There are 2 protein chains.
Amino acid sequence: MAQISLSRRLRRTPFSDGVEAAGVNGYTVYNHMLLPTVFESVEADYHHLKRHVQVWDVSCERQVELRGPDAARLIQMLTPRDLRGMMPGQCFYVPIVDETGGMLNDPVAVKLAEDRWWISIADSDLLFWIKGIVNGWRLDVLVDEPDVSPLAIQGPKADDLLARVFGDSVRDIKFFRFGVYQFQGKDLVIARSGYSKQGGFELYVEGSELGMPLWRKLFEAGEDLNVRAGCPNLIERIEGGLLSYGNDMTDDNTPHECGLGRFCNTHTAIGCIGRDALLRVAKEGPVQQIRALAIEGAPVPPCDRVWPVYANGKRVGKVTSAAWSPDFNTNVAIGMIRVTHWDDDTKVEVQTPDGTRAAVVREKFWI
Amino acid sequence: MAQISLSRRLRRTPFSDGVEAAGVNGYTVYNHMLLPTVFESVEADYHHLKRHVQVWDVSCERQVELRGPDAARLIQMLTPRDLRGMMPGQCFYVPIVDETGGMLNDPVAVKLAEDRWWISIADSDLLFWIKGIVNGWRLDVLVDEPDVSPLAIQGPKADDLLARVFGDSVRDIKFFRFGVYQFQGKDLVIARSGYSKQGGFELYVEGSELGMPLWRKLFEAGEDLNVRAGCPNLIERIEGGLLSYGNDMTDDNTPHECGLGRFCNTHTAIGCIGRDALLRVAKEGPVQQIRALAIEGAPVPPCDRVWPVYANGKRVGKVTSAAWSPDFNTNVAIGMIRVTHWDDDTKVEVQTPDGTRAAVVREKFWI
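- The name given to chain A in an unreviewed UniProt entry is Dimethylsulfoniopropionate demethylase, and the organism recorded there is Shimia litoralis.

**With respect to the sheet that holds strand β5 (residues 63-67) of chain A**
Residue and element names in this part refer to chain A.
Okay, step 1: With antiparallel pairing, 5 strands are arranged side by side in an open sheet as β6-β9-β10-β5-β11. With one partner strand each, in any of the chains shown, β6 (91-93) and β11 (142-144) form the two edges of the open sheet. Each neighbouring strand pair of the sheet contributes to a mean axis angle of 20°, computed without reference to strand direction.
Okay, step 2: As paired elements, β5 and β11 share 3 bridges and run antiparallel to each other. Looking at the pairing, Arg67 lines up with Leu142 of β11.

**Examining the interface of chain B and chain A**
Okay, step 1: Tallying the contact residues gives 51 residues for chain B and 51 residues for chain A.
Okay, step 2: Taken over both partners, the interface formed by chain B and chain A buries close to 4800 Å², and the fraction arising from carbon and sulfur atoms is 51%.
Okay, step 3: On the chain B side of the interface with chain A, the three residues burying the most area are B:Arg8, B:Arg9 and B:Phe128, jointly 19% of the side's total.
Okay, step 4: In this structure, the connection of chain B to chain A is made through 6 salt bridges.
Okay, step 5: A salt bridge links A:Lys131 to B:Asp98, with the shortest nitrogen-to-oxygen separation between them at 2.8 Å.
Okay, step 6: At the junction of chain B and chain A, the tally comes to 29 residue pairs in polar contact (both at pLDDT 80 or more).

**Some points on the pairing of strand β13 (residues 178-183) of chain A**
Residues and elements named next belong to chain A.
Okay, step 1: Where β13 meets strand β14 (residues 186-191), 6 bridges bridge the pair, whose relative direction is antiparallel. Counted as the bridge partner of Phe178 is Ala191 from β14.
Okay, step 2: Between β13 and β14, which follow one another and run antiparallel, lie 2 residues, and Gln184 among them has a positive phi close to 50°.

**A look at the packing of helix α3 (residues 71-78) of chain A against helix α4 (residues 126-137) of chain A**
Residues and elements named next belong to chain A.
Okay, step 1: It is the contact of α3 with α4, at a shortest axis distance of 11 Å, that shows an interaxial angle of 120°. The angle between the axes of α3 and α4 places the two elements in the oblique class. Once α3 is placed against α4, the crossing between them reads as right-handed. In contact with Arg73, Leu74, Met77 and Leu78 of α3, α4 contributes Trp129, Ile130, Ile133, Val134 and Trp137.

**Examining the pattern of salt bridges**
Okay, step 1: Tallied over the full model, the rule gives 44 salt bridges over all chains.
Okay, step 2: Taken together, the salt bridges that share partners define one network made up of A:Arg12, A:Asp17, A:Glu20, B:Asp304 and B:Arg305.

**Brief notes about helix α8 (residues 275-284) of chain B**
All names here are of chain B.
Okay, step 1: Of all the positions in α8, only Arg275, Leu278 and Val281 are classed as buried. Viewed along the axis of α8, the buried residues span an arc of 120°, placing them on a single side of the element. The exposed residues of α8 that point more than 90 degrees off its buried face are Asp276, Lys283 and Glu284.
Okay, step 2: Buried residues along α8 sit in contact with β7 (96-97).
Okay, step 3: Residue Gly285 follows α8 closely and has a positive phi angle near 85°.

**Details of helix α3 (residues 71-78) of chain B**
In an α-helix, one turn spans 3.6 residues, which is why side chains three or four residues apart end up on the same side.
Residues and elements named next belong to chain B.
Okay, step 1: Counting buried positions along α3 yields 6 of 8 residues, so the element is predominantly enclosed.
Okay, step 2: Of all the residues in α3, the buried ones are Ala71, Leu74, Ile75, Gln76, Met77 and Leu78.
Okay, step 3: Residues of α3 that are buried make contact with β5 (63-67), β7, β9 (108-113), β10 (116-120), α4 (126-137) and β11 (142-144).

**Brief notes about the UniProt feature "binding site: substrate" (unreviewed entry) in chain A**
All names here are of chain A.
Okay, step 1: Annotation from UniProt places "binding site: substrate" (unreviewed entry) at Glu202.
Okay, step 2: Tracing the chain through its elements places Glu202 in strand β15 (residues 200-206).
Okay, step 3: Exposure remark for Glu202: the relative accessible area of 7% places this residue in the buried category.
Okay, step 4: With residues near it in sequence (within four places) discarded, Glu202 still touches Val58, Glu61, Leu151, Ala152, Val189, Ile190, Ala191, Ser193 and Gly194.

**Some remarks on the sheet that holds β15(A)**
Residue and element names in this part refer to chain A.
Okay, step 1: Pairing is mixed in the open sheet, where 6 strands are placed in the order β13-β14-β15-β12-β4-β16. Two strands in the sheet have a free side with no partner beyond their single neighbour: β13 and β16 (228-230). On average, each strand axis in the sheet is tilted by 30° relative to the strand beside it, whichever way the strands run.
Okay, step 2: With 3 bridges connecting them, β14 and β15 associate as antiparallel partners. By the bridge assignment for β15, Val189 is matched with Tyr204.

**Section: the relation of the copies chain B and chain A**
Okay, step 1: With an RMSD of 0.0 Å, the fit of chain B onto chain A corresponds to turning through 180° and sliding 0.0 Å along the axis. Such values leave the two copies arranged in the relation of a two-fold axis.
Okay, step 2: A shared binding surface is used by both copies, with 100% of the interface residues of chain B retained as interface residues in chain A.

**Describing the domain arrangement of chain A**
All names here are of chain A.
Okay, step 1: On domain assignment, one finds that chain A holds domain 1 (16-62 + 147-238), domain 2 (63-144) and domain 3 (288-367).
Okay, step 2: Between the C-alpha centres of domain 1 and domain 3 there is a distance of 30 Å.
Okay, step 3: At the junction of the two partners, domain 1 supplies 11 residues and domain 3 supplies 14 residues.
Okay, step 4: Summing both partners gives a buried area of about 960 Å² for domain 1 against domain 3, and 61% of it is carried by carbon and sulfur.
Okay, step 5: There are 1 salt bridge connecting domain 1 and domain 3.
Okay, step 6: Remark: the boundary between domain 1 and domain 3 carries 3 residue pairs in polar contact (both at pLDDT 80 or more).
Okay, step 7: When the residues that make up the side of domain 1 that touches domain 3 are grouped by side-chain class, the tally is 4 nonpolar, 2 polar and 5 charged.

The rules behind each value
Residues numbered from 1 in each chain as written. Chains lettered and ligands numbered in written order. Predicted model: local features only at pLDDT ≥ 70, side-chain atom pairs only at ≥ 80, totals over all residues. Heavy atoms only, no water. Pairing = 2+ DSSP bridges. Helix = DSSP H or I, 4+ residues; strand = E, 2+ residues; numbered from the N terminus. Axes fitted to C-alpha atoms, helices over the stretch in contact; angles between N-to-C directions. Contact = heavy atoms within 4.5 Å. Buried area = accessible area lost by both parts, 1.4 Å probe. Salt bridge = Lys/Arg side-chain N within 4 Å of Asp/Glu carboxyl O. Polar contact = N/O pair within 3.5 Å; in protein donor to acceptor, adjacent residues only side chain to side chain. Parallel < 35°, antiparallel > 145°, perpendicular 65-115°, else oblique. Left-handed = near helix turned anticlockwise from the far one by under 90°. Buried < 20%, exposed > 50% of the residue type's maximum accessible area, 1.4 Å probe, protein only. Arc of directions from axis to C-beta. UniProt positions renumbered as here; feature names shortened; annotations may be inferred. Least-squares fit on C-alpha atoms with pLDDT ≥ 70 in both. Domains from an automatic or database assignment. Nonpolar A, V, L, I, M, F, W, Y, C, P; charged D, E, K, R; others polar.

Right, dumping it as structure tokens:
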């Protein structure tokens with residue numbers, strides 16, 4: 001295995017000192033920023049996440065802030081999801097598409113006020129697309145990347161931990177809603193959201209000064225809850241069917257191919273740049289779609305490239321993420337499968353670097 | 001040191017198999033793609049680069065292709081460099097700026113024909129900015145990322161190696177010009193360019209099929225030239241003053257701050273989106289600028305964050321890249337220094353993670 005070479009270009013975060021002190025063992029790079037991938041081991045981290053509570057440095061979920069009279073018009077131009085009913089205090093998962101309906105990002109939009117939004121992005125410079133659109137369409141809106149670094153609290157004891165620091169009212173925050181709390185006299189947006197199926201919160205930390213004080217406070221408060229530093233877990237996210245932009249989908253894919261058709265209101269999302277292209281897809285349906293796959297046999301190697309999927313010698317799709325699942329005692333995987341073979345329980349073959357494996361297509365993920 | 005966690009999102013290249021077989025020891029991530037950073041050691045790689053010839057997998061220098069009647073108008077909108085005199089067959093280094101004059105990328109533009117260009121990009125999703133501009137301005141041009149992966153041949157024996165594979169006519173390719181050659185019956189753009197001061201070429205390899213055959217051919221042909229797999233070398237690029245987008249400059253900086261004023265023809269670059277903002281900067285001059293710095297004492301640690309620069313207790317700039325130079329027997333560094341302290345031979349202090357060091361500002365780089 002190769003090491004990662006650190007440089008200023010792979011940006012550190014307000015929590016990097018804490019992450020290092022906690023013994024981070026692996027990194028990836030996400031939005032030009034360091035994202036931890038493993039502390040003890042991917043499997044040990046996984047078991048702990050499902051039983052206790054973890055603090056995740058997900059600063060790399062950078063924000064694009066929209067501010068000004070055209071902010072609401074702009075965000076509707078970006079996504080086929082109809083945002084007319086969205087209220088301040090809500091978070092919406094919004095596929096972002098270009099004029100061909102290709103996915104540019106799959107962020108969470110945070111509506112702070114009618115004229116102020118954060119878009120909490122996956123791994124692409126969505127800021128550049130939005131700045132280009134604003135310039136070309138001459139919109140009256142400020143767009144930039146504010147210094148906001150999300151910190152996620154994930155796991156079954158997340159409510160207990162956060163209630164100790166911010167009071168019991170955090171327990172009342174509904175899924176994909178947020179409240180504004182105080183830490184050391186500063187406002188802190190806390191949303192019930194996060195990139196796991198174990199429940200929890202994301203804290204949008206503004207500036208870097210509060211970073212380590214907040215990190216330390218959480219660890220002090222949660223010592224008897226067995227709180228640990230963690231990170232998005234490869235195994236758990238595949239079990240839960242949480243897609244990863246760049247891994248499971250790219251700008252080649254429409255939201256419908258990604259199984260995100262339910263977030264596309266192509267008839268009513270007037271103004272969306274990709275609407276014309278997606279109306280056609282919504283009508284006819286995609287010819288390939290994201291599916292879960294159980295890959296048989298021993299644990300698969302790391303999925304660092306596309307693994308072709310075959311049936312009767314014909315290419316019918318590809319696997320894009322895979323890992324051994326201790327809880328389900330099989331290799332869990334995410335792939336893009338053609339319509340001819342995407343029904344539940346279809347048998348296929350996956351060509352891994354270690355050889356061909358039998359696999360079963362599933363319509364549902366594991367958790 | 002932490003390991004890098006591989007995934008499909010950190011894209012492999014047509015040459016990855018060769019890079020791995022050559023014993024790559026470190027990676028960074030650049031345009032969502034793996035970029036090797038070290039083979040034997042950064043110092044050993046450096047000595048070899050200056051004496052022999054290396055083959056670099058710089059596939060991560062992705063292309064943005066512009067094709068169509070508005071291609072020439074579009075590229076002039078993107079850069080303050082006047083491109084009217086540029087001919088097919090030429091490569092131009094073109095700062096790319098937004099409407100505020102902030103740098104979005106510092107690529108090399110390759111003019112293939114009047115209506116067809118490649119923009120060979122540094123580490124940001126420039127494609128997104130350009131797609132947004134094209135959409136908003138309704139330009140008649142196709143924009144996408146073609147499957148083109150540059151392979152660089154760098155070092156004093158680069159001409160000898162390439163002449164063995166493509167014939168002696170490659171020796172006649174002038175600096176920042178290209179010719180079209182053949183390899184296994186396919187066209188291959190070969191430019192005299194590259195991210196070192198040791199001379200050499202960049203081969204723009206279309207598709208992935210030619211990747212490993214070309215890689216192997218180069219190593220067979222260059223065995224007695226002591227050809228090795230290499231990569232952009234941190235020490236050599238600092239000695240040569242080769243800037244790195246994301247390290248030494250960001251979208252906060254104007255080209256003039258980056259010492260790239262000579263590539264800005266703000267009076268004649270009609271149509272450039274950032275022209276108005278840069279006219280002001282060109283007139284008044286920047287208040288800070290890129291400088292070389294020699295940092296005294298023992299070898300500095302890796303520069304993975306901004307190091308503040310002080311003089312008489314006042315902040316006067318920052319160091320953004322640094323390394324120990326065996327050939328110059330000092331720490332070589334790149335920084336952004338305020339006008340009050342940017343003259344040659346000015347003494348300053350650099351605050352490194354290991355403590356404060358004396359340093360000297362230089363108007364010229366080492367090579």
